[in-house]
Structure formats: C-alpha cells, structure tokens
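Examination of the molecular architecture
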Amino acid sequence: MTETSTTAAARAADAELIGSAVAAAGQGMIDRETVAEVVVLCAVAGEHLLVVGAPGTAKSEAVRRIAGQLGGRYFEYLLGRFTEPNELFGPVDLRQLREGRVEFDTAGMLPEAEIAFLDEVFLGSTAVLNTLLGLLNERVFRRGRTVVHSPLRVCVGAANHLPDDPALAAFADRFLARVFVEPVADARLEELLEAGRRPATAPLHPRDLTDARDLTDPSDLAGPADRLGALDRLAAAARACDLDDVTPLVAAALRRLRAAGVPISDRRAVRSQKLVAAAAVLDGRTTASARDLWVLPLVAPTADAQAQARDTLADLVEKAANRSLVHAAEELSRSSAARAERLVRTGGALLAAHRTLPEGRDSRLRLEAALREIDAGFDPADLSGALAGIRAELVAAVAPS
C-alpha cells in the first residue's frame, strides 16, 4: 500500500468505527437515531446542535447514549432561571482566593468537558448565557484570572420550543444544526412499549452489531478512547476536506433556500460548509460531493423551514446518502440512495441479532418486515450489490428449514 492508500483506509476505518458507535447508541431507541447521528456530524464539523421537542421525547436519552459510546468527559446540566454560573463553570477556588487571587476550579465542569448536554438551554440567566457564548464560540473559558482552553467537541442544547425573545436570537444562532423531534408515531407504539419495558442494560459495544464471524482478532474491539480518537482524526480530515467541486452546488442550494423564504444568514451559509465536509469524511471521502448535500436542511431555523428546505432541495439531494449516518441522511434527503444505505445497515444488524434470538414467530416477522421494505422500495434491477446481498441473506433466513 502507498502512504495515500494507507491513509484513506485508516480514515475509512475511523468512519466505520464511528458509524458502528452510532448504531450501537441507537439500538433499542425508537425513532431517535437521527439525533444521535447529528451529534456525531456536529462533533466532526466542530459545530453545536440544538434539539427541539416536547418534554418526554427522549432528547436527553439519545444524547447520553451517543456520548457514552464516544467516550470522553461528559457534562450534563438542566438550566433554570436561577442557575448560577458556578453550577456550570465551577466554583471559586478558595485556596487561590485566600492568597488574593480570584480563580475558578473547573475540574469536572463544563469547561473541561469533551461532550456537553444542556437541557432547557434558553432558560439560563444572562450571566450564564454570556459566559456560555464565549465558550461555544472560541472553545475558551475566561472568568476572572482563569483561562481554560476547552476540549469541547460538541455542545448539545435542548429546549421544548424555540425562544420568542429576540434577545436570545444571537445565542440560539450559535447552534448551527437543529433537529426537531416529535412523539413516536402511532404506528410504532408497539415498538416503543416493548423497548420501554426492557430492563436497562450496559452501554452497547459498537462491534456487538456486527457479524460474529468478523470478530477474528481481539484487537478489533475498540474502546471509548479509540472512538474519541477516531472522532478527532475525522474532524481533522473534515477541516482539510476538498470543497471546491461542491461549492457551486452549495451556493445554488442556498440561493434556492433564500428564494423560497428560508432565512439563511451569511454566517450560517459559510458554516454550513463544515457540515458538508463532515458528512464527506464520515462517508469515507476527502472530497465533498452532491452526495453530502443532505446536511443543508439542518441549518434551517425552524421545523417548518426544514420541511420547506427538504422540498426545495429535493432534486439536488436525490443521490445523497451516508454510510455512517444512515438515518439522518435518509430523513433529511428522502433519497432512494440514502434509504438503501439505511436498509443495508439495519438489515445487517437485524440478521446479526437474529442469530442470538430464539427461533420463533417474532424474530421471523422482523426479518420478513425488512424484506418487504426492500421489495416495496426497490425494483430488483435497481438493487445495489450490498443491498442485494442483504436481501439474499434475509430470504435465506426466512426460508423454511
């Protein structure tokens, strides 16, 4: 192998490792895979995410699960009107204060976190939000004589609704990507009830979702430190991603969105390129293409604007897909290519899980449902090699023995 091909293989391995971590985080959750995937997308892009949805829609659970899979220092806090800055950023260091210096003890607090989740983020006081604004923008915490260069990869803010107060608009704009979650659809209530009554389990290892025959080398088992390292390597690759070829397409997409009435500020337009680059490297490439344009609706500021963005960009994203972030790419692009990628991953995971499930009607029905979805969505002649292979395995699994 040449050095270039070795680097490309290593990057693809990093993308696969992170994709497996995302899949592990989503296992057992119903209709929240997109939240976990966009957390990873933003971490690679170096941007922050706002998740908006009614109480009880598993926003925090999705973030906790993907944070647990990625590893690193995690900080979570529920903000309120009376939350003091010290509760997030750390108390005054009393030892230093006795010597006449005002410094803060940030150990275990937000400035030293690598992944953070702030619930009810818009309820913070002015003092909290102003300090947080600097940390989000610059990844530097400054207070008194204390200066901490934060290792923060991504901060996820959650809220029940977008703020009406114009004074919060500048703060809200620091969250480039937005995901709007709704209660689980009625058609999936049985799945939700089944998942809800399962006992809590330890965090899943990403490789738990792969075929057991692939686990031939114990060194293949990657721990959280390996996954956080992979995330950082992908983030570095995203910063170096070649965007020249896709720039005219991104510009055309943004013009369309603005013409359709979707408000996209100059700042958000520029930063949207970071999401495009992150999507490319998570798909195993160093050059962005039309395949990565599915991320653009994420920068639309409201749920209605995102729906409008998907419709407006439908033809530009008809070939969009992502091998690591299969659910998010499908939801935001509605493309057949993205759907095929999702069916390859979920079908493979279902087949792997079926080998450990007791034989019976329930497991057979799951396999048959996956097979029906493939047959309903694709003409046999249009199946990719990977999807055709998954279909053949499903057919063999449901065939009478």
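Residues numbered from 1 in each chain as written. Predicted model: local features only at pLDDT ≥ 70, side-chain atom pairs only at ≥ 80, totals over all residues. Heavy atoms only, no water.

**Quick notes on the overall build of the protein**
When you go through the protein residue by residue, the secondary structure sums to 16 helices and 7 strands. Expressed as a percentage of the 401 residues in the protein, the buried residues total 47%. Carbon and sulfur atoms provide 54% of the accessible area of the protein, an area that totals close to 19,000 Å². (Helix = DSSP H or I, 4+ residues; strand = E, 2+ residues; numbered from the N terminus. Buried < 20%, exposed > 50% of the residue type's maximum accessible area, 1.4 Å probe, protein only. Areas by Shrake-Rupley, 256 points an atom, 1.4 Å probe, with all protein chains shown as cover.)

**Focus on the packing of aromatic side chains**
In the structure shown here, the tally under the stated rule is 4 aromatic pairs. Arranged with centres 6.2 Å apart and planes meeting at 5 degrees, the rings of Phe75 and Tyr77 form a pair that is stacked. Classification of Tyr77 by relative accessible area gives partly exposed; the value is 25%. Aromatic side chains Phe122 and Phe171 sit 6.2 Å apart centroid to centroid with 85 degrees between the ring planes, which places their arrangement in the edge-to-face category. In this pair, Phe122 sits in the loop between β3 (115-119) and α6 (126-138) while Phe171 sits in helix α7 (residues 169-172), placing the two residues 49 residues apart along the sequence. Classification of Phe122 as buried rests on a relative accessible area of 6%. (Phe/Tyr/Trp six-rings, centres within 6.5 Å; stacked < 30°, edge-to-face > 60°.)

**Thoughts on the nonpolar core**
Core analysis: the largest hydrophobic core is formed by 76 residues, its most contacted members being Leu41, Leu275 and Trp294. No other element matches the 10 residues that helix α2 (residues 33-45) contributes to this core. Leaving out residues up to four positions away in the same chain, Trp294 has contacts with Leu41, Ala279, Val317, Ala320, Ala321, Asn322, Leu325, Ala328, Ala329, Leu332 and Ser333. Judged by nonpolar contacts, the second largest core, of 28 residues, contains Met109, Ala116, Phe141 and Cys155. (Core = buried A, V, L, I, M, F, W, Y, C linked by side-chain atoms within 4.5 Å. Contact = heavy atoms within 4.5 Å.)

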